[in-house]
Amino acid sequence: MSAVPVLETRGLGRNFGGLRAVSDVSFSVPEGQVLGVIGPNGAGKSTFINLVTGHIKPSEGRVLIDGKDLTGARPWVIAKAGVARTFQIVKPFRGMSVRENVAVGILYGPQGTNVMSRALKDADEVLEEVGMAGVGDRPPGELSVADARRLEFAKALALRPRLLLLDEVMAGLRHTEIEPSLELIRSLKARGITIIVVEHVMKAILAVSDQVLVLSQGKILTSGDPQEVLRDPRVIEAYLGHRYAKRREGDS
Amino acid sequence: MPTSTQTPTSTQVPRQSVIGVVRSPQARRLFPWVLGAVGMLAALGLQSQLFLGQQRTVAAIFMFVALAQAWNLIGGFAGYACFGQVAFFGIGGYFTAVAISHWHLSFWVALPLSGVVAALFATVIGIPLLRLKGHYFAIATLGVAEGMREVVTNLPDLTGGGAGITIPTVGDQATTAYLGNDGFYLLFLALAVLAVVVGGLVARNKFGYALRAIHQDEDAAAAMGINTTRMKVLTFALSGFITGLVGATYAFQQVTIFPERLFDVNITVLMIIMVIIGGAGTVLGPLLGAVALQFLSEFLRENFTDLHTFILGAIIIVAVILLPQGAVNYMREARRTKEFSLLANVRKYRL
């Protein structure tokens, strides 16, 4: 355990034209923690992930990974630094089998290899880890919604990351399908991987997060212990509108 | 999705042996190379059986095999449809012509240099142009090729301009003896083999996986640690290198070259059609596409003198409608899914 946080952002912000999608986001994630990021639609959660992983360049602020300033670095540099991510809209490589999809990450990840046979073998291990053993030969287009999301997960894990950013990997899943994903996140945490979970499924956030960060209109609304944060009237207001929040306050 | 059977949960799917023949993985990996070697030996053996005119025709097939393979690297694997590929062909040809007639270099020195110059050109234009996607990239590269033709036409002191340039092949100005039909047959065959081997190596290695990932989704590819910019430019340069070599050989074979011929947009179009019909992003596809289209074109030219382009065009249209993903990709899918119906294939790929 090092004292340097795996991820630290300082005053991170991004404008799209006149819209401030993310502004002044400063916080840090210590090694081995699971951080839940929540917020209503359009709060800037995905933009935040894109800023950290280099898919969008920040307008202001800094991104430090393991204490190293990687602000505005290209996505593959960030990936090679041990940061893996999933995409909210799944992005499988069609025209490759599921196994080959995962092998790409093993070939080009931080510890990359040049040996095809080893990459394909390791890919099978990753698939097993996420509960997809046996579908390695199939094209990703034939996967169910749950498996397509799991493939995103597997592709990110193929990088053997130190920091994993999960952008709504549980969206659209049934309750029975969510549990294995939560189990997987717990086991990754047990292996010392730092994880940021962006999710709408509140139950899932509560179940795995050590810390919760609430974004609203691109800014940090509040952060801290999951249970406390969810009781925060400002959080309820952001999600359900101030009239509902007022009524609740009157009730209690 | 009409054909695929959905499994809601990830259950174990028994792996089916497609052909029913048990083959070791090693044998399966070696098989294409053995097939390629047999094909090359057959091509060598064929040479002695051909008349002079036929030899030129077959040499042209080899030339297009090499060109289609080169286009397939950038257009098929990486998914960047280059409509200006002929620029590399013309640059290679003109570099060789100028190097032999002005600088008195041997053809055997000019040939590899032509490839290098074409690759450098691809790198220089690739860095800005490979930021464009889809139609924009296609149009930009088309513009580059058209522009290069004008540049070459307007440098008469160096290139002979529109009047053309003649490579000295006899007398004391000749640096390398003309290779003759036999020589060019072998040289084009060698280039075709080189291009197929490069395609095969790319398809099976780490590099090919990066290109296919880039083809499908560049953001996702970058997130997997692939330096997409470097990969694309490298691929473009490699594609340009092979195309430049072919252009250089073509120029020497033609002796006298003109900008309209060496920068003819039809050459690009032929490469693209061959790759699309055969199967983009495969090694066998461009090979089969080039052989089939050149063979068909020659056959029609001999038997239907007046209508041959019309019939050829019709056949291409029908082929693209029935097999939009190309013959090789269709066969692969059909064998996997056991769905051989062409109608189902049309339905699956229609826009």
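All values derive from a computational prediction rather than experimental measurement. (Residues numbered from 1 in each chain as written. Chains lettered and ligands numbered in written order. Predicted model: local features only at pLDDT ≥ 70, side-chain atom pairs only at ≥ 80, totals over all residues.)

Student: Please clarify how the overall build of chain A should be interpreted in this entry.
Tutor: Within chain A one finds 10 helices and 10 strands. The C-alpha atoms of chain A give a radius of gyration of 18 Å, which matches the 18 Å a tight globule of 252 residues would have. When the backbone C-alpha atoms are referred to their principal axes, chain A occupies close to 65 × 40 × 40 Å. Residues counted as buried form 46% of the 252 residues belonging to chain A. A fraction of 62% describes how many contacts in chain A between residues 6 or more apart in sequence connect residues 24 or more apart. (Helix = DSSP H or I, 4+ residues; strand = E, 2+ residues; numbered from the N terminus. Rg over C-alpha atoms; globule rule 2.2 N^0.38 Å. Buried ≥ 20, exposed ≤ 12 C-beta atoms within 10 Å, placed from the backbone. Contact = placed C-beta atoms within 7 Å.)

Student: Which parts of the structure should I look at to understand the overall build of chain B?
Tutor: Broken down by element type, chain B carries 16 helices and two strands. Relative to the compact-globule value of 20 Å for 351 residues, chain B shows a C-alpha radius of gyration of 21 Å, a close match. Relative to its 351 residues, chain B shows a buried fraction of 44%. When contacts within chain B are restricted to residue pairs at least 6 apart in sequence, those whose partners lie at least 24 apart make up 77%.

Student: Hey, could you run me through the interface of chain A and chain B in this one?
Tutor: Accessible area lost when the parts come together is the quantity often used to give the size of an interface. Taken together, the 36 residues of chain A in the interface contact 28 residues of chain B. With six residues, the top contributor of residues to the side of chain A that touches chain B is helix 3 (residues 98–108) of chain A. Within the side of chain A that touches chain B, the residues separate by chemical class into 15 nonpolar, 10 polar and 11 charged. (Nonpolar A, V, L, I, M, F, W, Y, C, P; charged D, E, K, R; others polar.)

Student: Would you explain the packing of helix 1 (residues 25–47) of chain B against helix 7 (residues 180–204) of chain B in this entry?
Tutor: When two helices pack together, their arrangement is given by the angle between their axes and by how far apart the axes lie. Residues and elements named next belong to chain B. With their axes 11 Å apart at the nearest point, helix 1 and helix 7 run at an angle of 170° to one another. Relative to helix 7, the element helix 1 lies roughly antiparallel. On helix 7, the residues that touch Pro32, Gly36, Met40, Ala43 and Gln47 of helix 1 are Tyr185, Leu189, Val193, Val196 and Gly200. Broken down by class, the residue content of the contact of helix 1 with helix 7 amounts to seven nonpolar, three polar and no charged. (Axes fitted to C-alpha atoms, helices over the stretch in contact; angles between N-to-C directions. Parallel < 35°, antiparallel > 145°, perpendicular 65-115°, else oblique.)

Student: I'm lost on the pairing of strand 2 (residues 19–29) of chain A in this one. Help?
Tutor: Residues in a regular strand project their side chains so that they alternate between the two faces of the sheet. Residues and elements named next belong to chain A. Of the strand pairs in this sheet, strand 1 (residues 7–16) and strand 2 are connected by seven bridges, and their pairing is antiparallel. If you follow leucine 7 over to strand 2, its bridge partner there is valine 29. What sits between strand 1 and strand 2 in their antiparallel hairpin is a turn of two residues, with glycine 17 showing a positive phi close to 60°. (Pairing = 2+ DSSP bridges.)

Geometric descriptors of this kind do not, in isolation, establish any biological role.
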